[in-house]
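Structure assessment
Single-letter residue listing:
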Amino acid sequence: MSRIQKTFQKARDEGRARFVAYICAGDPDYETSLEVARALIESGTEVLELGVPFSDPLADGLTNQLAADRALKAGMTQEMVFQLVRDIRKFSEIPIVFYTYYNLVYFHGVENYVKRAKEAGVDGLLTLDLPPEEADDLLQACTKHDLETVFIIAPTTPAERIRRIAGVTTGFLYYVSREGVTGERADLAADLEERIAGIRAETDVPLVVGFGVSRPEHVAAINAYADGVVVGSALVNCIKRNLDQRDEILPELRAKMKDLCSGFDLKK
Amino acid sequence: MNLETIPDKHSLPDAGGHFGPYGGCYVPETLMTCLKELEEAYTKAKKDPEFNQELQRELKEYAGRPTGLYYARNMSEQLGGARIYLKREDLLHTGAHKINNVLGQVLLAKRLGKQRIIAETGAGQHGVATATVCAKFGLDCVIYMGAVDMERQSLNVFRMRLCGAEVIGVETGQKTLKDAVNEAMRDWVSSSRNTHYILGSALGAHPFPMIVRDMHRVIGAEIREQMQALAGRNPDEIVACVGGGSNAIGAFWEFLDHPEVRLVGVEAGGEGIEPGRHAARFEGGKMGVFQGCRTYILQNFDGQIDPTHSVSAGLDYAAIGPEHAFYRDQGRIDYAYATDSDALEGFKMLCRTEGILPALESSHAIAYALKRAPQMRKDQILVINLSGRGDKDVQQVQRVLDKMGETPA
């Protein structure tokens, strides 16, 4: 069983969703980013989504745009993102998934990119702007090099399309709980339970839920229905708030993780 | 060019929106359903006589079609070569070809039952056209515009606001057209249930390159008919500027299967072909995937999108429409570039010889004609698609000429 499969098997065995943390690789710089990853993993992260910084992240809200901007300004390159994964692998075996845009994959040659990602220790690839209709090259390369695929399901995705997307997903499905871009929000979508039931009716592939998750109550709510809960902007903002006092980044992240993970013990 | 290799232009794009290896539909999942819905609505509308009649009527009565095909006698004689004709898209309501597409897409949005319209704009021409048509049809309108472009096209910002549109300045990235597209896409990801995004060029995800092209095909169809009436034949060459490439593909499409007509697209050479200093995708770009489609893109060593530069905000964009990339590979359309200073020469020339103020975008096509016409015979005909008028650029041109010490006395 792959790292991803084992992780979500455990989620189902234990009846508790896994904590999926998103950060942008290289935000605010390589060294800090590595320490951020370490802190997140030490404080309860069970799947790491590493954003590969892109100049034009059109599916991302301002928080993640600025994070990508900081990483690129600090000189982050694709090669350094692979290196970051190799460095994380020195101390952790949790699943690592790239969260990226297709031009970054395409530019390096799809198969070459997939191969290098796998060699670096990446488990899965989520390409935000690549629907299954255009994904033949990537799917082939992922099969060949044993890298798992992650696809998004949106509130607007109809049932027959959910089946199609699930059919090409070898890692897990990512349900974006809101129409919109990434970012912290006060409330989760009201129809979340119903939507997730709708997806569950179509597929048994592991399902994580994200977009807007920023409070323990959100974690608790998603824990009740999904295999994983994704937190991104709420963590990235801990970095952003402390750019002028970088010593504060890790303590604030640890505190935020503790707060968020307390959601697992809350009754829905 | 081998004619046998040229596919039937009517067969493109394919069902997935591809022009050979280009085009396609590369968007976040949230948008897939509404893009499919748009494609279905368009396919139906295209065959609906009522839709077509309404569009024809609006193009004629509101936008001012057909536009003239004007013989630029003074300019032709001064250059001493081909007879130059100007396709006067600059005389359309709102001052550029953009309104052809906006009228069509607003009628589509009405059929889709969408009350809110969003659009991006670079030079502001597409934004002005969108704001104007939304005012006419009573639709809510939000225009995204890069903060840098708002500064250099402030008159157009004011015009949009006069028509009741909300203009939102985009402060991220390079603060120009591509960043406005990103922001409009972000809006649409959240709002697609009640909002239609009127993309302004033959760019982005399927079905946009097809719809926008079809809405502008009227330009080439009129050129053909008018040229037949004037000269009893097709022109020898047609030139148009290419940002995303909507005015160019609109002017060219009718002639794609008339190989005797040479078709030339002119990109923005900016300050010269150095990374970050131009927007000539076929000169410095590589194949990639950007803002919805696969095409030629200006990008750096690592696949990050490169900054661009052009004196004209409307050409200042890192990607070219996918259909252009396809016909370039086929050898059917040729591409050239004009620098900022070439374009200014074109701008000044048309003002002085014909008393016509061209948009800085269209001035790139004029710049090409200044070099090309003298190489052609006097019995040959060169058509310039004058895609927009230059009123919006007067302040910008004044600033640039002042800097060069060339202000007219």
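The structure presented is a predicted model; accordingly, all values stated were derived computationally and were not measured. (Residues numbered from 1 in each chain as written. Chains lettered and ligands numbered in written order. Predicted model: local features only at pLDDT ≥ 70, side-chain atom pairs only at ≥ 80, totals over all residues. Heavy atoms only, no water.)

Here's the deal with the overall build of chain B
Helix and strand counts for chain B stand at 15 helices and 14 strands. Once the C-alpha set of chain B is aligned to its principal axes, its extents read approximately 55 × 50 × 45 Å. Looking at the 409 residues of chain B, the share that counts as buried comes to 66%. Considering only contacts in chain B between residues 6 or more positions apart, those separated by 24 or more positions represent 74%. When the accessible surface of chain B is summed, it comes to about 14000 Å², and 49% of that surface belongs to carbon and sulfur atoms. Side-chain charges of chain B comprise 46 positive and 52 negative groups, with the mean position of each set lying 2 Å from the other. (Helix = DSSP H or I, 4+ residues; strand = E, 2+ residues; numbered from the N terminus. Buried < 20%, exposed > 50% of the residue type's maximum accessible area, 1.4 Å probe, protein only. Contact = heavy atoms within 4.5 Å. Areas by Shrake-Rupley, 256 points an atom, 1.4 Å probe, with all protein chains shown as cover. Lys, Arg positive; Asp, Glu negative; His and termini not counted. Charge placed at Lys NZ, Arg CZ, Asp CG, Glu CD.)

Some words on the interface of chain A and chain B
Each side of the interface is counted separately: chain A has 40 residues, and chain B has 38 residues. Between chain A and chain B, roughly 3100 Å² of surface is buried when both sides are summed, and carbon and sulfur atoms account for 50% of that area. The three residues of chain A that bury the most area against chain B are L58(A), F107(A) and E134(A), which together make up 22% of that side's buried surface. Run the count over chain A and chain B and you get three salt bridges. (Buried area = accessible area lost by both parts, 1.4 Å probe. Salt bridge = Lys/Arg side-chain N within 4 Å of Asp/Glu carboxyl O.)

Section: the domain arrangement of chain B
Residue and element names in this part refer to chain B. By domain assignment, chain B separates into domain 1 (29-61 + 98-208) and domain 2 (64-95 + 216-404). Taken over C-alpha atoms, the centre of domain 1 sits 23 Å from the centre of domain 2. Taken over both partners, the interface formed by domain 1 and domain 2 buries close to 2800 Å², and the fraction arising from carbon and sulfur atoms is 53%. Contact with domain 2 buries surface across domain 1, with N100, R152 and L203 losing the most and accounting together for 22% of the total. For the interface between domain 1 and domain 2, the tally reads zero salt bridges. (Domains from an automatic or database assignment.)

Comments concerning the nonpolar core
Ranked by size, the top nonpolar core spans 169 residues in total, and within it L40(A), L48(A), L50(A), I88(A), F98(A) and Y174(A) carry the most contacts. L40(A) has contacts with A21(A), I23(A), T45(A), L48(A), L235(A), L253(A) and M257(A), leaving out every residue within four places of it along the chain. Y22(B), I223(B), F255(B) and L256(B) belong to the second largest nonpolar core, which has 29 residues in total. (Core = buried A, V, L, I, M, F, W, Y, C linked by side-chain atoms within 4.5 Å.)

Some words on the confidence of the model for chain B
For chain B, per-residue confidence averages 95 on the pLDDT scale, and 98% of positions sit at 70 or higher. Reported confidence for the predicted complex is 0.95 by ipTM and 0.96 by pTM. (pLDDT = per-residue confidence, 0-100.)

Remarks on the pairing of strand β6 (residues 140-146) of chain B
Residues and elements named next belong to chain B. By the criterion of burial, β6 is predominantly enclosed, with six of the seven residues buried. When strand β5 (residues 116-121) meets β6, the two strands line up parallel, connected through six bridges. Bridge pairing in β6 places T121 opposite M145. In terms of strand pairing, β6 meets strand β7 (residues 166-170) through five bridges, oriented parallel. Within the sheet, the bridge partner assigned to G146 lies in β7 and is V170. (Pairing = 2+ DSSP bridges.)

Comments concerning the pattern of salt bridges
For side chains of opposite charge, pairing can occur when their charged atoms come near one another. Residue and element names in this part refer to chain B. For the coordinates displayed, the defined rule picks out 57 salt bridges over all chains. Notably, a salt bridge pairs D179 with K178, separated by 3.3 Å at the nearest N-O pair. Residue D179 is classed as buried on the basis of its relative accessible area of 2%. The salt bridge involving R233 is made with D236; its shortest N-O contact spans 3.0 Å.

Things to note about the packing of aromatic side chains
All names here are of chain A. Tallied over the full model, the rule gives 19 aromatic pairs over all chains. Plain terms: the ring middles of F98 and Y113 are 6.5 Å apart, the flat faces sit at 55 degrees to each other, and that makes the pair tilted. Here the residue F98 occupies a position in strand β3 (residues 96-100), and Y113 occupies one in helix α6 (residues 110-120), the gap between them amounting to 15 residues. You can call F98 buried: its relative accessible area is 0%. The class of Y113 is buried, set by a relative accessible area of 1%. (Phe/Tyr/Trp six-rings, centres within 6.5 Å; stacked < 30°, edge-to-face > 60°.)

Topic: the sheet that holds strand β9 (residues 237-241) of chain B
Residue and element names in this part refer to chain B. Strand order in the open sheet made by the six strands is β3-β4-β14-β9-β10-β13, with mixed pairing throughout. Only two strands of the sheet have a single neighbouring strand rather than two, namely β3 (69-71) and β13 (333-339). Recorded for the sheet is a direction-independent mean angle of 25 degrees between the axes of neighbouring strands. Of the strand pairs in this sheet, strand β10 (residues 262-270) and β13 are connected by seven bridges, and their pairing is parallel. (Axes fitted to C-alpha atoms, helices over the stretch in contact; angles between N-to-C directions.)

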